[in-house]
Amino acid sequence: MRKIITYFNNKTLKCFVAAMILLAAPAIQAQDETQNFSFTLNEAIQHALEYNRTVINSERDIAAANKKKWETIATGLPQISASGNYQYNFELQKNVVPAEFFGGNPGEFVEVAFGTKHSVDARATLNQLIFDGSYIVGLKAAKVYLAYYENSKQKTDIEVKEQVINAYGNVLLLQESVAILEKNKATLQKNYTETNESYKNGLSEEEDVEQISITLAKIDSSLKNAVRLSDISLNMLKIILGIELNDGLVLTDKLESLTEENLDLSIASGEFNVEQNIDYKLGKINTIQQELLMKQEKSKALPTLSTNLAFGYNGFNNDFSFFQSNQQWLNYSYLGVSLNVPIFSSLQRSARTQQAKIALEQARTQQEELEQNLKLRYQQAKSEYEYSIEEYFTSKNNLRLAERIENKQQIKFKEGLSSSFEFTEAQRQLYAAQQDYLESMTEVIDKRAALEKLTAQ
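Conventions used here
- Residues numbered from 1 in each chain as written.
- Predicted model: local features only at pLDDT ≥ 70, side-chain atom pairs only at ≥ 80, totals over all residues.
- Heavy atoms only, no water.
- Helix = DSSP H or I, 4+ residues; strand = E, 2+ residues; numbered from the N terminus.
- Rg over C-alpha atoms; globule rule 2.2 N^0.38 Å.
- Buried < 20%, exposed > 50% of the residue type's maximum accessible area, 1.4 Å probe, protein only.
- Contact = heavy atoms within 4.5 Å.
- Areas by Shrake-Rupley, 256 points an atom, 1.4 Å probe, with all protein chains shown as cover.
- Lys, Arg positive; Asp, Glu negative; His and termini not counted.
- Charge placed at Lys NZ, Arg CZ, Asp CG, Glu CD.
- Polar contact = N/O pair within 3.5 Å; in protein donor to acceptor, adjacent residues only side chain to side chain.
- Patch = residues over 30% accessible without salt bridge, like charges linked within 9 Å, V, L, I, M, F, W, Y side chains within 5 Å.
- Salt bridge = Lys/Arg side-chain N within 4 Å of Asp/Glu carboxyl O.
- Arc of directions from axis to C-beta.
- Phe/Tyr/Trp six-rings, centres within 6.5 Å; stacked < 30°, edge-to-face > 60°.
- Core = buried A, V, L, I, M, F, W, Y, C linked by side-chain atoms within 4.5 Å.
- Expected span 1.5 Å × (residues − 1).
- Pairing = 2+ DSSP bridges.
- Axes fitted to C-alpha atoms, helices over the stretch in contact; angles between N-to-C directions.
- Parallel < 35°, antiparallel > 145°, perpendicular 65-115°, else oblique.
- Left-handed = near helix turned anticlockwise from the far one by under 90°.
- Nonpolar A, V, L, I, M, F, W, Y, C, P; charged D, E, K, R; others polar.

**Q** Describe the overall build of the protein, naming the residues involved and giving the relevant values.
**A** Within the protein one finds nine helices and eight strands. For 457 residues, the compact-globule estimate of 2.2 N^0.38 gives 23 Å, and the protein exceeds it by more than 25% at 41 Å. Seen through its C-alpha atoms, the protein measures out along the principal axes to roughly 145 × 95 × 35 Å. The buried share of the protein, reckoned over its 457 residues, is 34%. The contacts in the protein between residues at least 6 apart in sequence include a share of 81% that link residues at least 24 apart. Counting every atom, the protein has about 28900 Å² of accessible surface; 54% of that belongs to carbon and sulfur. Positive and negative charge centroids in the protein, built from 48 and 59 side chains respectively, lie 4 Å apart.

Structure representation (structure tokens):
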């Protein structure tokens, strides 16, 4: 009996293990499919320019625009079509004719059926456009259409590059914040322990312990929030890079080194060539499109000329015998030329042309306004970049001063020469200086990216 129970238990255990392996197989496979990435900032930019989903769709827009261009070209090329028609007349159409045609009495009529029960018609037709003003304008518009999406792709690349720089710097900022907060928390925890022991021995006041406890609680809350934000910002960067959220991602550049690389005022010393700005280029294309729309409306007053050539066969029979060798086929062919000359449209074409002309003038005015706005935005971006560099050095110097002040206050506090309030205030000043320093570094990186976006570097 025990052997039977043991055998049953072993068999059940084997089945259970096998089932668990089968259930775990998809999870193991999914785990194997995850990837680990390690990027410098430049490597992250290059990866995003290839795998970012917006960039991929922008490339597809160019491919679609190429097809649209060929669609327009093909409109003026020979068009060949074939058609076939079979008709079964189960009741032939009848008409009446004078009976005297068949030897009948004058004034009487007889019914006559025309046609056959079965008829087949097959033809091939060649159509060719010879002249159409709208087609000529359309060819130019197709090239402009393609140029628009090519420039849109360039704009997308520039924007994605800026997004990567901002997101990359934000991740580094939060990671550095987490590291500093952890260090501050450890220092505060040590101070709290020492002050609490001193209070128990009657060498410190309860207020000293409470002051440190309040600061420690705030630091702990800020640390937890920074950890959460760090994970979220890293996932945001993954989306921009075009990688999955469950993939691993390590940033190899350091925030301080990136900041030093971006400390270059020479990029703001040159003249701003507004014509190289991508928004200006897109605005220029919009103006050209409006010019072509006006030309298209004008071209509708021109005549159009086209030709068509057809070859075909007809077959008639009262029986369905079209596949037999004795079936008679009647061939036909023709060449046709079609000329359409617009004469008078009750000023409809003129109204449309005037509308297109007004739209063109609006586009030109918008382009002039865009040019002025871009120049102003460049001045603003240049000023903000220069200010970010000044703030970086200021916050860096302030951090050193805050560290010295906090260190002195800590020594005085331990020696009983300073109050807990003064020590806590020095700590808060240090923490604010640390955060200002981190934010000043990301500001330098972000403002440099904004300036380069305008100059398309």
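**Q** If you had to explain the side chain of Ser299 to someone new, which residues and values would you point to?
**A** Within the secondary structure, Ser299 sits in helix H7 (residues 278-299). Classification of Ser299 as buried rests on a relative accessible area of 6%. A distance of 3.3 Å separates polar atoms of two side chains, one belonging to Ser299 and the other to Ser134. In contact with Ser299, other than residues within four places in its own chain, are Gly133, Ser134 and Val137.

**Q** Got a sec to walk through a positive patch on the surface? Specific residues and values, please.
**A** Positive charge collects at one region of the surface, where Lys140, Lys143, Lys295, Lys298 and Lys357 lie side by side. Broken down by secondary-structure element, the contributors of at least two residues to the positive patch are helix H4 (133-200) and H7. Accessibility expressed as a relative area gives 46% for Lys140, which makes it partly exposed.

**Q** Pulling in residues and values, what's your account of a negative patch on the surface?
**A** The grouping of Glu386, Glu390, Glu391, Asp436, Glu439 and Glu443 at the surface amounts to a negative patch. Contributions of two or more residues to the negative patch are made by helix H8 (348-414) and helix H9 (420-455). Take Glu390: it is sitting in helix H8.

**Q** Give me the lowdown on helix H2 (residues 41-51), citing residues and values where you can.
**A** Those residues of H2 that sit buried are Leu41, Ala44, Ile45, His47 and Ala48. Angularly, the buried residues of H2 cover 165° about the axis, an arc narrow enough to put them on a single face. Among the exposed residues of H2, those pointing more than 90 degrees away from its buried face are Asn42 and Gln46. In the core, the buried residues of H2 are packed alongside strand E1 (36-39), helix H3 (53-75), H4, helix H5 (206-241) and helix H6 (255-261).

**Q** So what's going on with the packing of aromatic side chains? Residues and values would help.
**A** A full pass over the atoms with the stated rule returns eleven aromatic pairs. Ring centres of Phe320 and Phe323 lie 6.1 Å apart, and the angle between their planes is 55°; this geometry places the pair in the tilted category. A relative accessible area of 44% places Phe320 in the partly exposed class. Residue class for Phe323 comes out exposed when judged on its relative accessible area of 77%. For the ring pair Tyr392 and Tyr437, a centre distance of 5.9 Å and an interplane angle of 25° mean the geometry is stacked. Residue Tyr392 is found in helix H8, and its partner Tyr437 is found in helix H9; the two are separated by 45 residues along the sequence. Taking the relative accessible area as the measure of exposure, Tyr392 reaches 1% and is therefore buried. What links up through ring pairs into an aromatic cluster is the set Tyr86, Phe320, Phe322, Phe323 and Trp329.

**Q** Tell me about the nonpolar core, residues and numbers included.
**A** Across soluble globular proteins, nonpolar side chains have a tendency to be buried as a group. In this structure, Val164, Tyr168, Leu237, Leu241 and Leu249 are the most contacted members of the largest nonpolar core, which totals 58 residues. Counting residues per element, the ones that place at least two in this core are E1, H2, H4, H5, strand E6 (248-251), H6, H8 and H9. Broken down by element, the residue count for this core peaks at twelve residues, all from H9.

**Q** Describe H7, listing the residues and the values that go with them.
**A** With 22 residues, H7 should reach 32 Å at 1.5 Å per residue; the first-to-last C-alpha distance of 31 Å fits that figure. Buried residues in H7 make contact with H4 and H8. The N-terminus of H7 is capped by Asn277, whose side-chain oxygen sits 2.8 Å from the backbone nitrogen of Asp279.

**Q** Before we move on, can you summarise the pairing of E1 with the specific residues and values?
**A** Of the two faces of E1, only one is covered, namely that formed by Phe37 and Phe39; the face formed by Asn36 and Ser38 stays uncovered. One ladder, built from four bridges, connects E1 with E6; its direction is parallel. For Ser38, the partnering residue across the bridge sits in E6 and is Val250.

**Q** Account for the packing of H8 against H9, naming residues and giving values.
**A** Interhelical geometry of H8 versus H9 gives an angle of 160° and a closest axis separation of 7 Å. Comparing the axis directions of H8 and H9 gives the class roughly antiparallel. As for the relative orientation of H8 and H9, their crossing is left-handed in sense. When its residues are assigned to classes, the contact of H8 with H9 shows 19 nonpolar, eleven polar and twelve charged.

**Q** Explain the environment of Glu261 residue by residue, including any values.
**A** Residue position: Glu261 is located in helix H6. With 184 residues separating them in the primary sequence, Glu261 and Ile445 have C-alpha atoms 8.9 Å apart.

**Q** Which residues make up a nonpolar patch on the surface, and what values do they have?
**A** Together, Tyr86, Tyr88, Phe90, Phe320 and Phe323 make up an exposed nonpolar region whose accessible area comes to about 660 Å². Examined against the element boundaries, Tyr88 turns out to sit in strand E2 (residues 79-88). You can call Tyr88 partly exposed: its relative accessible area is 43%.

**Q** Outline the sheet that holds E2, listing residues and values.
**A** Strand order in the open sheet formed by four strands is E2-E5-E7-E8, with antiparallel pairing between adjacent strands. Every interior strand has two partners, whereas the edge strands, E2 and strand E8 (329-340), have only one. Recorded for the sheet is a direction-independent mean angle of 15° between the axes of neighbouring strands. Here strand E5 (residues 118-131) runs beside strand E7 (residues 304-317); their pairing, made up of 13 bridges, is antiparallel. Within the sheet, the bridge partner assigned to Asn127 lies in E7 and is Asn308.

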